[in-house]
Amino acid sequence: MSRIKDDLVCEIIRVSQTNLLAKKKAECSEESGDDAIIEWIRCNAASYREDYKECLSSHSSLELGDMLNILTNSSKDLGEIFKEYPQY
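Predicted model, so just to flag it, every value in this text is computed and none were measured. (Residues numbered from 1 in each chain as written. Predicted model: local features only at pLDDT ≥ 70, side-chain atom pairs only at ≥ 80, totals over all residues. Heavy atoms only, no water.)

1. Some points on the nonpolar core
No. 1: By size, the foremost hydrophobic cluster in this structure holds 21 residues, and its most contacted members are Ile-12, Ile-13, Tyr-48, Leu-56, Met-67 and Leu-78.
No. 2: Breaking this core down by element, the ones donating at least two residues are helix H1 (3-27), helix H2 (30-56), helix H3 (61-72) and helix H4 (78-84).
No. 3: Here this core takes 7 residues from H1, the largest share from any one element.
No. 4: Among residues more than four places away in sequence, those in contact with Tyr-48 are Ile-13, Ser-16, Gln-17, Leu-20, Trp-40, Asp-77 and Leu-78. (Core = buried A, V, L, I, M, F, W, Y, C linked by side-chain atoms within 4.5 Å. Buried < 20%, exposed > 50% of the residue type's maximum accessible area, 1.4 Å probe, protein only. Helix = DSSP H or I, 4+ residues; strand = E, 2+ residues; numbered from the N terminus. Contact = heavy atoms within 4.5 Å.)

2. A look at the side chain of Ser-16
No. 1: Tracing the backbone shows Ser-16 in helix H1.
No. 2: A relative accessible area of 0% places Ser-16 in the buried class.
No. 3: Ignoring any residue separated from it by four or fewer positions in sequence, one finds Ser-16 in contact with Tyr-48, Leu-71, Asp-77 and Leu-78.

3. Quick notes on the environment of Asp-6
No. 1: In this structure, Asp-6 sits in helix H1.
No. 2: On a C-alpha basis, the gap between Asp-6 and Ser-61 in space is 9.3 Å, while along the polypeptide they are 55 residues apart.

What follows is the structure, given as structure tokens:
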């Protein structure tokens, strides 16, 4: 994978995780929100990155740029992107 494409994939995953964690925190009570986020990160963050890195590597740089644009301008995560935009 080219350096630019690798950087795109990393940024897509970072923005997606940020959006996902913001939603998870909003779903929790204020007291338990941070604990739930820390627990999710501890148990799931590495596999989330690995799974999506593998999935995203098959996409073109143009598609990756489109995904990053959608993620950056919304509160969606990659799971929602793949459901709403079947072309990906």
